[in-house]
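Notes for the structure review
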Amino acid sequence: MKHIFQKGTDITAPVLVLFHGTGGTERDLLPLAQAISPTSSVLSVRGNVLENGMPRFFRRLAEGIFDEEDLIFRTKELYDFLDQAAVEHGFDRQNLVAIGYSNGANIAGSLLFHYQDALRGAILHHPMVPLRGIQLPDLSGIPVFIGAGRNDPICSPQETEELQKLLSEAGSTVAVHWEQAGHQLTRSEVEAAGTWFKTNL
Ligand code: MLT
């Protein structure tokens, strides 16, 4: 997959894996990595799907209605890519923390929903429930930060609470940070994610 890898100054710090929102690229979230853990190595990935020319991590049928077959296929493709990238770039595959926004948060959520060992933690900015009706793996010891907007028209507060419940029931410790804003990523949400990272990872 198209990506950027930047080696950090602290090779024991979690490797931050970045997933952009719809229409973004692997460059978008680099400032977030710098804000959250400036000494970490960073792997920033571009989604393999194009929607009217806009990169995404999986297909959707309409806003908020996901192509589940493609979501499962792309989640496995990404999981395999993380294995390969660890070998290619020489980082610790067991020490990955995702940072995703919107569609990127949804693919990171899908990694958690499908694989016990994909990530050791995740910061999900404005995620949705990636899919329903599956048994999640045991996520004990995998903390998750969710940033959400009370007025987010894409990720409703009810859906945020449903995601929190599903992840918690699977054993994850989930922190939800609420903004009064909508779907946009605010500076105060990034600061909250940074504080959470320092105490949980
Ligand atoms: C998605 O398709 O993953 C969500 O609706 C968020 C987005 O618009 O990308």
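Look above for the structure.
I will try to describe carefully the structure that is included in this document. (Residues numbered from 1 in each chain as written. Predicted model: local features only at pLDDT ≥ 70, side-chain atom pairs only at ≥ 80, totals over all residues. Heavy atoms only, no water.)

Let us now look at the overall build of the chain. Counting secondary structure elements, the chain contains 5 helices and 11 strands. In terms of C-alpha radius of gyration, the chain reaches 15 Å, essentially the compact-globule figure of 17 Å for 201 residues. If one aligns the C-alpha atoms of the chain with their principal axes, the spans along those axes are about 40 × 35 × 30 Å. Out of the 201 residues in the chain, the part that is buried amounts to 56%. Of the contacts formed within the chain by residues at least 6 apart in sequence, a portion of 68% connects residues at least 24 apart. By element, 50% of the accessible surface of the chain is carried by carbon and sulfur atoms, the whole surface being about 8,900 Å². (Helix = DSSP H or I, 4+ residues; strand = E, 2+ residues; numbered from the N terminus. Rg over C-alpha atoms; globule rule 2.2 N^0.38 Å. Buried < 20%, exposed > 50% of the residue type's maximum accessible area, 1.4 Å probe, protein only. Contact = heavy atoms within 4.5 Å. Areas by Shrake-Rupley, 256 points an atom, 1.4 Å probe, with all protein chains shown as cover.)

Once that is clear, we can look at the site of the ligand. Around the ligand sit T22, R56, F58, R60, E63, G64, F66, S102, N103, N106, M128 and I154, and those are all the residues in its vicinity. Residue E63 places a side-chain N or O atom 2.8 Å away from an oxygen atom belonging to the ligand. For the ligand, an oxygen atom lies 2.8 Å from a polar atom in the side chain of N106. The protein chains hide 96% of the 260 Å² of surface that the ligand would expose on its own. (Near = heavy atom within 4 Å. Polar contact = N/O pair within 3.5 Å; in protein donor to acceptor, adjacent residues only side chain to side chain.)

Here we come to the pattern of salt bridges. The tally for this structure, following the rule as stated, stands at 12 salt bridges. Residue K2 is joined to E26 by a salt bridge in which the shortest nitrogen-to-oxygen separation is 3.6 Å. A residue pair is termed long-range when its members are at least 10 positions apart, and K2 in the segment before β1 (3-6) and E26 in the loop between β2 (15-19) and α1 (30-36) qualify at 24 residues. A salt bridge links K76 to D80, with the nearest nitrogen and oxygen atoms 2.6 Å apart. (Salt bridge = Lys/Arg side-chain N within 4 Å of Asp/Glu carboxyl O.)

It is worth spelling out the sheet that holds strand β10 (residues 144-149) at this point. Here 7 strands make up an open sheet; going across it, the order is β1-β3-β2-β8-β9-β10-β11 and the pairing mixed. Unpaired on one side and paired on the other, β1 and β11 (174-179) mark the two borders of the sheet. Averaged over all adjacent pairs, the angle separating strand axes in this sheet is 15 degrees, with direction ignored. Direction of pairing for β1 relative to strand β3 (residues 42-45): antiparallel, over a ladder of 4 bridges. Looking at β3, one finds that H3 is bridged to V45. Relative to the sheet, helix α5 (residues 187-200) contacts β2, β8 (96-101), β9 (121-125), β10 and β11, its axis offset from that of β10 by approximately 165 degrees. (Pairing = 2+ DSSP bridges. Axes fitted to C-alpha atoms, helices over the stretch in contact; angles between N-to-C directions.)

On to the nonpolar core, then. Residues F19, L111 and L167 are the most contacted members of the largest nonpolar core, which totals 42 residues. At the level of elements, β2, β3, α2 (68-89), β8, α3 (103-114), β9, β10 and α4 (157-169) are the ones that each hand at least two residues to this core. It is α2 that contributes the most residues to this core, 7 residues altogether. The contacts of L167, once residues within four sequence positions are left out, are L112, F113, L136, L139, V144, I146, S172 and V174. Formed by 19 residues, the second largest nonpolar core is a distinct cluster that contains L29, L32, I36 and V190. (Core = buried A, V, L, I, M, F, W, Y, C linked by side-chain atoms within 4.5 Å.)

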